[in-house]
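For reference, the chains in residue letters:
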Amino acid sequence: MVNKPKITISTSPFLHDQVTTPKIMWELAYTLIPILLAAVYYFGLSALLISLSCIAGCLVTEYYLGKRGPLGSPLRDGSALVTGLLLALTLPPGFPLWMAFVGGVVAIGMGKVIWGGLGQNVFNPALVGRAFLQAAFPTAITTWEPPDGRYWGVRGTNLAMPFYQGEPVDALSTATPLSEMKFSHEPTELADLLLGNISGSLGETCALLLLLAGLYLAFRRIINWRIPVAILATVALFSGIVYLLAPDRYPSPGFMVLAGGLLLGTVYMATDPVSSPLTPKGIWIFGIGIGLLVVLIRIWGGLPEGVMYAILLMNAATPLINRFARTRVYGY
Amino acid sequence: MTGSNQNALKDKLLTFRHGVHPEEYKELSNHQRIERMPFVEEYTLPLLQHIGAPSKPLVHKGQYVRRGGLIAEAGAYVSVALHAPVDGTVTDVGLYGHPNGQMLPAIKIRTDPFSTQQLDQPAQRQPEELAKAEFIEAIQRAGIVGLGGAAFPAHVKFNLSENQLCRYLMLNGCECEPFLTCDHRVMVEYAEELIDGTRILQHFIQAEKVYIAIEANKPDAVITLRAAAAKAGFPVEIIPLQVKYPQGAEKMMISAILGKEVPAGKLPIDVGVLVSNVGSIVALSQYFRQSQPLIERVITVTGPAVRRPANVLVPLGTPMRSLVEFCGGITGEAARILLGGPMMGIVQKSLDTPVVKGTSGILVLTEREVQDIDTFSCIRCGRCLEACPLFLNPARLGLLARKGLWEDMEDNNALDCFECGACSYVCPSAIPLVQSIKVGKSMIRERKPK
Ligand code: SF4
Ligand code: SF4
């Protein structure tokens, strides 16, 4: 031996898979780009501004309050960015930017930091932010505008001043497909739902893109395929039964699956590994639970949409599910 | 090899559920023919080179011993004999460094520089003439142990009682650890001995079916063994298995081939299976046909920090340093020296210990392979659950271990874990799962009333 090598001691295994947690988070972020672009296509610059506001809120909070991770800055694992983008995609296009920023702060602050950071939280941080905004600004968050095709258009309401209580200027509020269905039994064309030419939150509208993103992520094993399958199958089955009993009063299963935030929530929020169960058995329970709750809330609840609460409720049940849904161990 | 042969291996390959696909790194040494290590000046033979009681020395300082001659006898039933790897003089019986990190009794032999080192041992009675008990005793006397790494005495495993019915004899040529190629080369270059040894064992075991399981990344071994079996007219099924870690674990092999699980706390023989490493079977043939007890074994010396990766036939007791130097030495980039493969191998502090019966490989890695990956919190992605071949919940076990909740760990089947390391391999947050499970297991065992 010529030179004296540095020999270090540790224990096996000494090989490691290429996939790391930051890589997972970044890949998730990349798949959100087409969805963001679609939002800009339908809703103009407003979509971009809202996203930037949410992301800024998340990053600032993570930067100042987050734990220094092994990568130095807590931002580098990419998870705060994902949270910000996801939160933005659940907001309506005319949402005031300052509220979006506050939402981002709350998402990271109350959704993640107070639990102890990445991996410790019980609830999906983006949904915590969204739930806060819904409670704090119930009007703004339910003021929907249709896509207007003005790419450079910025909605007046976006620029509302903090705590300005006046009537939103020139807000042209329309009903979303879900509220139309719920309150006036007007179904929307499925083709429109698929392509996204409807009013709704920024990222909820183009079902086709969300489906593609979901397939890609499941194929890449970034998300667990069981979750979307369980949720969508449950929703389709349950609402299908209801629909068959009274087709004139209740929406079709196709509509139920494609409309509203179900796909966005299914692909990106319910699948958040941190707040979903570990074992396959637990994951099935979790997904079926969400599916049932979504249909229950949408059809019989007071709200047109129930995805957020359904996921948050099942998030809350996850520690319990984790404890009891065990794997069958080899040889038993 | 021809295209059709390759295709024959691509038909649906059997395997087990879960597992991981680490990079194989076999190409460093899988085409290197086995080379014979030249004799060195001095050999150190630990009395404990197997699982069980140490062997009892039969020689004293100054005594001349012959190559293949008995120098220590089995110290108990679960123990085997030990033989001199060279003609030479015993220089000491004392405490020496053992690859397991301890100082343990060993016999030191100075090689006779004037000897030709021809093996000159009396012929053995042929196994076909032996009664079963004599056969078992002969294997113990031959010093044969499982050469896959565990070094469990072969005679104990082969000594089936009346109510243990062996329906399937399975030879394990999977070699699923990345880098290692010694079993591969043994199967290719000692195919006849392997088939002969299998025939000898089968004579006593009388299994309904004999299998040799080989991961499909060794097509030449599959073909060579099929040809050798056909030539010998011995009915054995050579089964290529999917390349997946840990395919070579007994339980995983049984799952792959028979689709059966070994019930918890039971042995393969309880589901009618006897598993043996291929190298041990070659040793069996060599003992009966060539009167050569277990005095040497094939070792893969490999890794990016080894100058000339090779498969070497090494006399037991050879200092690892000499062996590595025979392979060109290690480069300045060396970062870890391991005994065994990268998934389950044990780190060595130095090369100053001898080669023993259970040494299957010496692996020297550089920083590139062992680069430290940043550790994050568990993101509960479930990858470790999908990797664990025993369907355990490594994420939960790891968490419980970090909290020191040993009872809960036991309740979550921590003791079933066989430490394959697949969970740590896949964890994207680089959590040392198997490492903490190992700690938990020893804590559980310590607290158990004996
Ligand atoms: S692989 Fe690692 S991060 Fe994923 S669940 Fe297991 S322990 Fe947690
Ligand atoms: S828990 Fe044990 S058996 Fe399962 S993958 Fe980890 S080390 Fe292997």
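Given the structure is predicted, the values throughout are model-derived calculations rather than measurements. (Residues numbered from 1 in each chain as written. Chains lettered and ligands numbered in written order. Predicted model: local features only at pLDDT ≥ 70, side-chain atom pairs only at ≥ 80, totals over all residues. Heavy atoms only, no water.)

Some remarks on the overall build of chain A
Right, so step 1: Helices and strands together make up the secondary structure of chain A, namely 13 helices and 0 strands.
Right, so step 2: When contacts within chain A are restricted to residue pairs at least 6 apart in sequence, long-range pairs at least 24 apart make up 76% of them.
Right, so step 3: If you sum the accessible surface of chain A, you get close to 14,400 Å²; carbon and sulfur atoms cover 69% of it. (Helix = DSSP H or I, 4+ residues; strand = E, 2+ residues; numbered from the N terminus. Contact = heavy atoms within 4.5 Å. Areas by Shrake-Rupley, 256 points an atom, 1.4 Å probe, with all protein chains shown as cover.)

So, the environment of Ile 223 of chain A
Residue and element names in this part refer to chain A.
Right, so step 1: When you line up the elements, Ile 223 lands in the loop between helix H8 (207-219) and helix H9 (226-245).
Right, so step 2: By relative accessible area, Ile 223 is classed as buried at 5%.
Right, so step 3: In sequence terms Ile 223 and Thr 271 are 48 residues apart; their C-alpha atoms lie 5.9 Å from each other.
Right, so step 4: Those residues in contact with Ile 223, other than ones at most four positions away along the chain, are Gly 214, Leu 217, Ala 218, Pro 228, Val 267 and Thr 271. (Buried < 20%, exposed > 50% of the residue type's maximum accessible area, 1.4 Å probe, protein only.)

Some thoughts on the site of ligand 2
Right, so step 1: Around ligand 2, the surrounding shell holds 13 residues, and the nearest of these are Cys 388, Cys 417, Cys 420, Gly 421 and Cys 423 of chain B.
Right, so step 2: For the shell around ligand 2, the secondary structure elements donating two or more residues are helix H14 (422-426) and helix H15 (433-447) of chain B. (Near = heavy atom within 4 Å.)

What about the interface of chain A and chain B?
Right, so step 1: With 47 residues of chain A at the contact, the number on the chain B side is 70 residues.
Right, so step 2: Surface buried jointly by chain A and chain B totals about 5,000 Å² across both partners, of which 55% is contributed by carbon and sulfur atoms.
Right, so step 3: Viewed at the interface, chain B and chain A are joined by 4 salt bridges.
Right, so step 4: For Arg 328 of chain A, the salt bridge identified is with Glu 261 of chain B, shortest N-O distance 2.7 Å.
Right, so step 5: Joining chain A to chain B, the criterion identifies 24 residue pairs in polar contact (both at pLDDT 80 or more).
Right, so step 6: Those elements giving two or more residues to the side of chain A that touches chain B turn out to be helix H1 (21-43) and helix H13 (307-324) of chain A. (Buried area = accessible area lost by both parts, 1.4 Å probe. Salt bridge = Lys/Arg side-chain N within 4 Å of Asp/Glu carboxyl O. Polar contact = N/O pair within 3.5 Å; in protein donor to acceptor, adjacent residues only side chain to side chain.)

A few points about the sheet that holds strand S11 (residues 237-241) of chain B
Residues and elements named next belong to chain B.
Right, so step 1: Spatial strand order, S11-S10-S9-S12: 4 strands in an open sheet with parallel pairing. The outermost strands of the open sheet, each flanked by one partner alone, are S11 and strand S12 (273-277). Taken pair by pair, the neighbouring strands of this sheet meet at an average axis angle of 25°, ignoring direction.
Right, so step 2: Looking at chain direction, strand S10 (residues 209-215) and S11 are connected through 5 bridges and run parallel. Bridge pairing links Ile 212 to Ile 238 in S11. (Pairing = 2+ DSSP bridges. Axes fitted to C-alpha atoms, helices over the stretch in contact; angles between N-to-C directions.)

A few points about the site of ligand 1
Right, so step 1: Residues in contact with ligand 1 amount to 13 residues; listed here are only the nearest, Cys 378, Cys 381, Gly 382, Cys 384 and Cys 427 of chain B.
Right, so step 2: Two or more chains meet at ligand 1, and those chains are chains A and B.
Right, so step 3: Taken together, the residues of the shell around ligand 1 sort by class into 10 nonpolar, 1 polar and 2 charged. (Nonpolar A, V, L, I, M, F, W, Y, C, P; charged D, E, K, R; others polar.)

Section: the pairing of S11 of chain B
Right, so step 1: Most of S11 of chain B is tucked away, with 4 of its 5 residues classed as buried.
Right, so step 2: Between the parallel elements S10 of chain B and S11 of chain B, the chain passes through helix H6 (residues 219-232) of chain B in a crossover that is right-handed. (Right-handed = clockwise from strand over helix to strand, strands pointing away.)

Describing the domain arrangement of chain B
All names here are of chain B.
Right, so step 1: The domain architecture assigned to chain B consists of domain 1 (41-110), domain 2 (126-290), domain 3 (297-371) and domain 4 (383-447).
Right, so step 2: Distance from the C-alpha centre of domain 1 to the C-alpha centre of domain 2: 27 Å.
Right, so step 3: Opposite the 12 residues of domain 1 that make contact, domain 2 presents 13 residues.
Right, so step 4: Of the roughly 870 Å² buried at the junction of domain 1 and domain 2 (both faces included), carbon and sulfur atoms supply 63%.
Right, so step 5: The largest per-residue losses of area from domain 1 upon contact with domain 2 belong to Ile 51, Tyr 77 and Val 80, which jointly make up 56% of the total buried on that side.
Right, so step 6: Applying the counting criterion to the domain 1 and domain 2 interface returns 0 salt bridges. (Domains from an automatic or database assignment.)

Topic: the nonpolar core
Right, so step 1: Within the largest apolar cluster, 89 residues are counted, with the highest numbers of intra-cluster contacts made by Phe 135 and Ile 212 of chain B.
Right, so step 2: Ignoring any residue separated from it by four or fewer positions in sequence, one finds Ile 212 of chain B in contact with Leu 171, Leu 194, Ile 195, Leu 225, Val 236, Glu 237, Ile 238, Ile 239 and Val 278 of chain B.
Right, so step 3: The next biggest cluster of nonpolar side chains, apart from the first, holds 81 residues, and it includes Leu 91, Leu 118, Leu 127 and Ile 290 of chain A. (Core = buried A, V, L, I, M, F, W, Y, C linked by side-chain atoms within 4.5 Å.)

Observations regarding a nonpolar patch on the surface
All names here are of chain A.
Right, so step 1: A cluster of nonpolar side chains, namely Val 60, Tyr 63, Tyr 64, Leu 65 and Phe 101, defines an oily patch on the protein surface of about 520 Å² accessible area.
Right, so step 2: At 4 residues, the largest contribution of residues to the nonpolar patch is made by helix H2 (residues 45-65).
Right, so step 3: Structurally, Val 60 is set in helix H2.
Right, so step 4: Take Val 60: its relative accessible area is 38%, and that puts it in the partly exposed class. (Patch = residues over 30% accessible without salt bridge, like charges linked within 9 Å, V, L, I, M, F, W, Y side chains within 5 Å.)

Re the sheet that holds strand S5 (residues 70-73) of chain B
All names here are of chain B.
Right, so step 1: With antiparallel pairing, the 3 strands of this open sheet are ordered in space as S3-S5-S6. Where the open sheet ends on each side, the last strands, each with one partner, are strand S3 (56-57) and strand S6 (82-83).
Right, so step 2: In this sheet, S6 lies alongside S5 in antiparallel orientation, the contact comprising 2 bridges. Of the residues in S6, the one forming a bridge with Leu 70 is His 83.

Things to note about the side chain of Gln 286 of chain B
Residues and elements named next belong to chain B.
Right, so step 1: Within the secondary structure layout, Gln 286 lies in helix H8 (residues 278-290).
Right, so step 2: Relative accessible area serves as the criterion here: at 14%, Gln 286 is assigned to the buried category.
Right, so step 3: Beyond its immediate chain neighbours, meaning those up to four positions away, Gln 286 contacts Tyr 190, Glu 193, Ser 291 and Gln 292.

A few points about the environment of Ile 444 of chain B
All names here are of chain B.
Right, so step 1: Here Ile 444 lies in helix H15.
Right, so step 2: As for Ile 444 and Lys 357, which are separated by 87 residues in sequence, their C-alpha atoms are 30 Å apart.
Right, so step 3: Discounting residues that sit within four places of it in the chain, Ile 444 has contacts with Trp 406, Met 409, Glu 410, Ala 414 and Leu 415.

Details of the packing of helix H12 (residues 394-403) of chain B against H15 of chain B
All names here are of chain B.
Right, so step 1: Direction vectors running N to C along H12 and H15 enclose 55°, while the axes themselves pass 9 Å from each other. The angle between H12 and H15 falls in the class oblique. Taken as a pair, H12 and H15 cross one another with a handedness that is left-handed. Residues Pro 394, Ala 395, Leu 397, Gly 398 and Ala 401 of H12 form the contact with H15, whose own contacting residues are Leu 433, Ser 436 and Ile 437. (Parallel < 35°, antiparallel > 145°, perpendicular 65-115°, else oblique. Left-handed = near helix turned anticlockwise from the far one by under 90°.)

Examining the confidence of the model for chain A
All names here are of chain A.
Right, so step 1: In the predicted model, chain A carries a mean pLDDT of 81, and 78% of its residues have values of at least 70.
Right, so step 2: A low-confidence stretch, residues 1-9 stays under pLDDT 50, and its non-local contacts, those more than four residues away or across chains, total 24 contacts.
Right, so step 3: Below a pLDDT of 50 lies the segment residues 165-173, which in the model reaches 9 contacts outside its immediate sequence neighbourhood of four places, other chains included. (pLDDT = per-residue confidence, 0-100.)

With respect to the confidence of the model for chain B
Residues and elements named next belong to chain B.
Right, so step 1: Across chain B, the average pLDDT comes to 91, with 97% of residues at 70 or higher.
Right, so step 2: Low confidence marks residues 1-9, where pLDDT is under 50. Its contacts with residues over four positions away, or in another chain, come to 8 contacts.
Right, so step 3: Two numbers describe this predicted complex: its pTM, 0.86, and its ipTM, 0.81.

Description of H8 of chain A
All names here are of chain A.
Right, so step 1: The end-to-end C-alpha distance of H8 is 18 Å, a good match for the 18 Å that 13 residues give at a rise of 1.5 Å each.
Right, so step 2: Those residues of H8 that fall on the buried side of the exposure criterion are Ala 207, Leu 210, Ala 213, Gly 214 and Leu 217. Projected down its long axis, H8 carries its buried residues within an arc of 125°, all on one side. Opposite the buried face of H8, at more than 90 degrees from it, the exposed residues are Leu 212, Leu 215 and Phe 219.
Right, so step 3: In the segment just after H8, Arg 221 is the residue with positive phi, at about 60°. (Expected span 1.5 Å × (residues − 1). Arc of directions from axis to C-beta.)

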